[in-house]
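Listed below are the residues making up each chain.
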Amino acid sequence: MAVATLMPVPKQFFVDGNGTPYAGGTLDFYASGGTTRLAAYTDAAMAVALANPATLDASGRLTVYLAPAAYRVILKDS
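So, a few notes on the structure that sits alongside this text. These numbers come from a predicted model, not from an experiment.

Cut-off values and rules
Residues numbered from 1 in each chain as written. Predicted model: local features only at pLDDT ≥ 70, side-chain atom pairs only at ≥ 80, totals over all residues. Heavy atoms only, no water. Salt bridge = Lys/Arg side-chain N within 4 Å of Asp/Glu carboxyl O. Buried < 20%, exposed > 50% of the residue type's maximum accessible area, 1.4 Å probe, protein only. Helix = DSSP H or I, 4+ residues; strand = E, 2+ residues; numbered from the N terminus. Phe/Tyr/Trp six-rings, centres within 6.5 Å; stacked < 30°, edge-to-face > 60°. Lys NZ or Arg CZ within 6 Å of the ring centre and 35° of its normal.

Before going further, it helps to examine the pattern of salt bridges. Applying the stated criterion to the full structure yields two salt bridges. When the shortest N-O distance is used, the salt bridge between Asp-28 and Arg-37 registers 3.0 Å. Overall, Asp-28 belongs to the buried group, its relative accessible area being 1%. Its salt-bridge partner being Lys-76, residue Asp-28 comes within 3.4 Å of it at the nearest N-O pair. One end of the pair, Asp-28, is in strand S2 (residues 26-31); the other, Lys-76, is in strand S6 (residues 71-76), with 48 residues separating them in the sequence. One salt-bridge network, in which partners are shared between bridges, spans Asp-28, Arg-37 and Lys-76.

In structure tokens:
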């Protein structure tokens, strides 16, 4: 059974060039090099998929577990 791994920094924190959090921003998850969406998860067992795109909280944070695959992640502001 495959187990997901945390993104390199488990609780990702996204800010703009001025250090302002991307509150309500989104992350889109795709297969590396393509436009096919890949699921990302809220837990290591991959039992609960995140929405795709996933919305960042008011602090610009989101906990993300990735399946054993190559991802391309795109950050967008709100």
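With that settled, consider the packing of aromatic side chains. In the structure shown here, the tally under the stated rule is one aromatic pair. Over the ring of Phe-13 we find Arg-61; its NZ or CZ atom is 4.6 Å from the centre of that ring. Over the ring of Tyr-30 we find Arg-72, and its NZ or CZ is 4.8 Å from the ring centre.

Turning our attention to unusual backbone geometry. The general pattern is negative phi for most residues beyond glycine and trans for most peptide bonds. That bond from Asn-52 to Pro-53 is cis: its omega, 20°, falls within 30 degrees of zero. Within the secondary structure layout, Pro-53 lies in the loop between strand S3 (40-41) and strand S4 (54-55). Backbone geometry places Met-46, a non-glycine residue, at a positive phi of 55°.

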